[in-house]
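# Fold and geometry: a report
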Amino acid sequence: MIRWLVILALAWALYRLIESGIEWLSRATRELHGEAREGRRTLESDELVACGGCGVHVPRSRALVRRGQAFCSVGCRDGGGT
Ligand SMILES: [Zn+2]
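Residues numbered from 1 in each chain as written. Predicted model: local features only at pLDDT ≥ 70, side-chain atom pairs only at ≥ 80, totals over all residues. Heavy atoms only, no water.

## Re the overall build of the chain
Stated formally: The numbering of helices and of strands both runs from the N terminus, where a helix is a DSSP run of H or I of at least 4 residues and a strand a run of E of at least 2. Only protein chains enter the area calculation, which uses a 1.4 Å probe; residues under 20% of their type maximum are buried, those over 50% are exposed, and those in between are partly exposed. Each accessible area is a Shrake-Rupley estimate made with a 1.4 Å probe; only the visible protein chains count as cover when residues are assessed.
Broken down by element type, the chain carries two helices and four strands. For the chain, buried positions account for 10% of its 82 residues. Accessible area for the chain stands at about 7,200 Å²; split by element, carbon and sulfur atoms hold 62% of it.

Structure representation (structure tokens):
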């Protein structure tokens, strides 16, 4: 009788261990996926800004900025206006 209780307790402990292991794994996976999704979203939502020289729209991350004004290229930045 006692032996059965020990086996039952061991089985329960093993079950809890596996359960928590799976939970940890899935959380780690979710965080990884979340980070990837976050990165992609940042890339997709790259705002378009109008060039101060020619008016062409370029992603903010690729625009050349001078005094708060975005430009599409060095030519527009150095040659345009002001
Ligand atoms: Zn331009």
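## Here's the deal with the coordination of the zinc ion
Test applied: Metal coordination here is assigned from N, O and S atoms located within 2.8 Å of the ion, or within 3.2 Å for Na, K and Ca; omission of water means that sites may look incomplete. Key to geometry: four donors with every angle between 85 and 135 degrees are tetrahedral; four donors are square planar and six octahedral where opposite donors lie over 155 degrees apart and all remaining angles lie between 65 and 115; all other sites are irregular.
The zinc ion binds to the protein through C51 (SG), C54 (SG), C72 (SG) and C76 (SG), with metal-donor distances spanning 2.3 Å. Coordination geometry of the zinc ion: the four donor atoms subtend angles of 107 to 112° at the metal centre, consistent with an arrangement described as tetrahedral. For the zinc ion, all donor residues lie on one chain, and their spacing in sequence is C-x2-C-x17-C-x3-C. Pair noted here: C54 is in the loop between β1 (48-50) and β2 (57-59) and C72 is in the loop between β4 (69-71) and α2 (74-79), with a separation of 18 residues, a long-range link.

## Some points on the confidence of the model for the chain
Stated precisely, the cut-off is as follows: pLDDT is a per-residue confidence score from the predictor, ranging from 0 to 100.
Of all residues in the chain, 83% attain a pLDDT of 70 or more, and the chain-wide mean is 85. The secondary structure element of the chain with the lowest average pLDDT is helix α1 (residues 2-44), at 83, and the one with the highest is β2, at 93.

## Examining the pattern of salt bridges
What counts is decided by this rule: Salt bridges are identified by distance alone: a Lys or Arg side-chain nitrogen within 4 Å of an Asp or Glu carboxyl oxygen.
One pass over the structure, following the stated rule, counts four salt bridges. The salt bridge involving E47 is made with R60; its shortest N-O contact spans 3.2 Å. Taken together, the residues span a long stretch of sequence, with E47 in the loop between α1 and β1 and R60 in the loop between β2 and β3 (64-66) at a distance of 13 residues. The closest approach of N and O atoms between D78 and R77, which form a salt bridge, is 3.1 Å.

## With respect to unusual backbone geometry
Phi angles above zero are rare outside glycine, and R67 is one such case at about 50°. Tracing the backbone through its elements, the reader meets R67 in the loop between β3 and β4. Given the relative accessible area of 79%, R67 is considered exposed.

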